[in-house]
Amino acid sequence: MKKTLLATAIAGSMAATGAQAATIYNEDGTQVDLYGNIQLAYSAVNNSNGNEADQLADNGSTVGINAAHMITRDMTAYMKLEFEVDAADEIKGADRGLNDGDQAFAGVKGDFGDIRIGSWDPLIDDWAQDKITNNEFADVSDSSTDLAGVAGLIDPESVSSDGELSDRSFDREGDKVGFTSAEMSGFQFGLGFQYKGAAESGEVGVNASDFGRYRSEDGASFFGGAKYTVGDLQLAAIYDDLDNYTLEGMDGQGDIEADAYALSAVYGLGATTLAAKYERTDLEYGNINAAGDSGEIDRYGLSARHAFNFGDVYAGYQYVDADNAAAFNDTGYGVDFNAAGQAESAGDETYNEFLIGANYGISENMYVWAETGVYDREEDADDFVATGVVYSF
């Protein structure tokens with residue numbers, strides 16, 4: 001998974017007290033820490049044809065370096081460089097080991113807040129999506145899933161076998177500049193932009209298909225949000241214009257565009273954390289869809305996590321309402337075309353997504369987990385059971 005539970009679990013869970021990074025240098029106001037983890041998982045997942053495929057595989061092992069230098073008593077410069085270790089279960093194979101970057105950024109923080117440049121998780125992910133499911137193996141669907149669905153219909157080669165967008169032009173983490181304010185009487189805001197220049201436009205490489213040919217646009221996309229904390233309650237609102245993910249029609253069919261919005265609420269009740277989320281993806285289709293030039297996907301999510309002395313139990317539920325957009329959210333839905341080459345309809349569907357899991361701490365550095373998920377898609381696509389182990393330092 002993209003994050004380990006030890007590093008990012010909701011406050012109050014067992015894993016939040018996990019292993020500490022190893023300090024390898026600490027002199028003259030500069031500190032350098034080394035950290036990492038090995039994650040292995042056995043999983044059985046249904047594909048879009050309803051066939052189950054199981055495997056024992058790496059689940060997102062990483063190794064990284066954090067460094068910080070005190071500029072003044074009130075200001076610190078810092079950096080983070082993190083790599084994924086591809087396939088810890090088969091590390092001797094070709095193209096294995098440290099061959100994929102995860103997060104990399106540098107910045108300055110102080111009483112004013114935090115300003116950084118580089119690659120890190122989207123604001124909408126940190127402040128809304130992860131509040132419902134930031135699980136070990138898989139999460140409920142979100143606006144990133146919708147972008148993958150659009151790309152998958154336009155160009156199936158742009159989506160890898162695990163459903164992730166494989167083309168760098170769809171990277172929601174990289175090429176960003178962001179600012180997060182200090183907390184002021186419980187209020188905090190964050191904003192920034194992601195820039196993809198002309199040298200990176202056209203990377204979609206979409207082949208001619210039923211929808212025609214497309215290329216990605218260059219330019220800057222904006223994201224921003226506000227968060228308010230009072231007592232044990234935290235509220236947040238986030239917007240991402242997703243302009244970097246616009247697909248420009250090359251055959252007169254118009255552009256495909258998207259916007260994402262989210263609201264979240266988190267409440268801590270002792271050892272129990274409750275969360276709710278509303279998320280919306282607005283889609284504009286140009287003139288490729290005979291049923292209308294726009295669609296939207298609304299999501300309503302709830303989650304609960306309870307921490308015991310030995311570990312956590314957690315569950316998440318999400319209701320998905322796809323209005324003229326089901327084909328972009330369900331790999332088994334399919335699209336029919338009329339004589340003019342337009343999609344008859346992207347489809348109206350609703351889905352009920354359930355995920356449940358638990359972990360057990362073997363030691364401060366090691367825990368085991370088990371999860372299962374149901375997505376309510378055609379042919380039970382993406383339904384899974386999985387279990388694994390994580391060791392972190």
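As the structure is a computational prediction, the values presented were derived from the model and not from experiment.

## Details of the overall build of the chain
When you go through the chain residue by residue, the secondary structure sums to three helices and 20 strands. Looking at the chain as a whole, 45% of its 393 residues qualify as buried. By sequence separation, contacts in the chain at least 24 residues apart represent 59% of the contacts at least 6 residues apart. If you sum the accessible surface of the chain, you get close to 18,000 Å²; carbon and sulfur atoms cover 53% of it.

## A look at the packing of aromatic side chains
Going through the model one piece at a time under the given rule, you end up with 12 aromatic pairs. Relative to Phe189, the ring of Phe187 lies with its centre 6.4 Å away and its plane at 35°, an arrangement referred to as tilted. In this structure Phe187 comes out as partly exposed when scored by relative accessible area, which is 35%. Centroid distance Tyr239 to Tyr261: 5.2 Å. Interplanar angle 40°. Geometry classified as tilted. You can see Tyr239 sitting in strand S12 (residues 233-240) and its partner Tyr261 sitting in strand S14 (residues 257-269), a full 22 residues away along the chain. Tyr239 sits in the partly exposed class, given a relative accessible area of 26%. In this structure an aromatic cluster arises from ring pairing among Tyr78, Phe105 and Trp120. The ring of Tyr314 carries the charged tip of Arg305 above its face, separated from the ring centre by 4.4 Å. Sitting over the ring of Tyr351, Arg377 keeps its end group 4.1 Å from the ring centre.

## Some points on the pattern of salt bridges
Taken as a whole and judged by the stated rule, the model has 11 salt bridges. We note a salt bridge from Lys196 to Asp175, for which the minimum N-O separation is 2.7 Å. Taken together, the positions of Lys196 in strand S9 (residues 187-196) and Asp175 in the loop between helix H3 (143-154) and strand S8 (176-181) put the pair 21 residues apart, joining distant regions of the chain. The structure contains a network of salt bridges with shared partners spanning Arg280, Asp282, Glu296 and Asp298.

## Comments concerning the confidence of the model for the chain
When pLDDT is averaged along the chain, the result is 82, and 74% of the positions lie at 70 or above. A low-confidence stretch, residues 203-208 stays under pLDDT 50, and its non-local contacts, those more than four residues away or across chains, total 22 contacts.

## As for a nonpolar patch on the surface
Among the surface-exposed residues, Phe308, Phe310, Val313, Tyr360, Ile362 and Val368 lie close enough to one another that they form a single nonpolar patch of about 530 Å² accessible area. Its location among the elements puts Val368 in strand S19 (residues 366-374).

## Some details on the nonpolar core
Val150, Ile238, Leu242, Leu283, Ile297, Ala322 and Ala325 are the most contacted members of the largest nonpolar core, which has 25 residues in total. For this core, the secondary structure elements donating two or more residues are helix H2 (123-132), H3, S12, S14 and strand S17 (311-323). At four residues, the largest contribution of residues to this core is made by H2. Apart from residues no more than four positions distant in its own chain, Ile238 is found in contact with Leu123, Ile124, Trp127, Ala128, Gly224, Gly225, Ala260, Tyr261 and Ala262. Grouped together as the second largest cluster of nonpolar side chains are 13 residues, Ala41, Trp369, Ala386 and Val390 included.

## Description of unusual backbone geometry
Even without glycine at this site, Ser185 takes up a positive phi of about 55°. As for its placement among the helices and strands, Ser185 is situated in the loop between S8 and S9. The class of Ser185 is exposed, set by a relative accessible area of 74%. Although it is not a glycine, Asp376 adopts a positive phi angle of roughly 65°. Among the structural elements, Asp376 can be located in the loop between S19 and strand S20 (384-392).

## Description of the environment of Phe179
Checked against the element boundaries, Phe179 lands in strand S8. Phe179 sits in the partly exposed class, given a relative accessible area of 23%. Along the backbone, Phe179 and Asp114 are 65 residues apart, and their C-alpha atoms lie at a distance of 5.6 Å. Residues contacting Phe179, with those up to four places away along its chain left out, are Phe112, Gly113, Asp114, Ile115, Phe189, Gly190 and Leu191.

## Here's the deal with the pairing of strand S4 (residues 62-72)
As paired strands, strand S2 (residues 30-46) and S4 are joined by eight bridges and run antiparallel to one another. Across the sheet, the residue bridging to Gln31 is Ala68, located in S4. Bridging between S4 and strand S5 (residues 75-86) involves 10 bridges; their strand directions are antiparallel. Among the inter-strand pairings, Met70 is bridged to a residue of S5, identified as Thr76.

Rules used in this analysis
The written sequence of each chain sets the order in which its residues are numbered from 1. Only residues with pLDDT of at least 70 get local features here, since the model is predicted, and only at 80 or more are side-chain atom pairs given and counted; chain-wide, interface and lining totals rely on the full set of residues. Side-chain numbers here rest on the full set of heavy atoms in the structure, without hydrogens or water. Helix numbers and strand numbers start at the N terminus; a helix is a DSSP run of H or I with at least 4 residues, a strand a run of E with at least 2. The buried label applies to any residue whose accessible area, calculated with a 1.4 Å probe on protein chains only, is under 20% of its type's maximum; exposed applies above 50%, and partly exposed to all values in between. We call two residues contacting when some pair of their heavy atoms lies within 4.5 Å. Using a 1.4 Å probe, the Shrake-Rupley method yields the accessible areas, and only the shown protein chains count as cover for residues. For Phe, Tyr and Trp, rings pair up if their centres lie within 6.5 Å, where Trp contributes its six-membered ring, and each pair is then called stacked (planes under 30 degrees apart), edge-to-face (over 60) or tilted (otherwise). In this scheme, Lys NZ or Arg CZ marks a charge over a ring once it lies within 6 Å of the ring centre and within 35 degrees of the ring normal. The salt bridge definition used is simple: a Lys or Arg side-chain nitrogen within 4 Å of an Asp or Glu carboxyl oxygen. Note on scores: pLDDT gives the predictor's confidence for each residue, bounded by 0 and 100. Exposure above 30% relative accessible area and the lack of any salt bridge qualify a residue for a patch; like charges then connect within 9 Å, and the nonpolar side chains Val, Leu, Ile, Met, Phe, Trp and Tyr within 5 Å. Take the buried residues of types Ala, Val, Leu, Ile, Met, Phe, Trp, Tyr and Cys, join any two whose side-chain atoms come within 4.5 Å, and each joined set is a nonpolar core. At least two bridges found by DSSP between two strands are what make those strands a pair.

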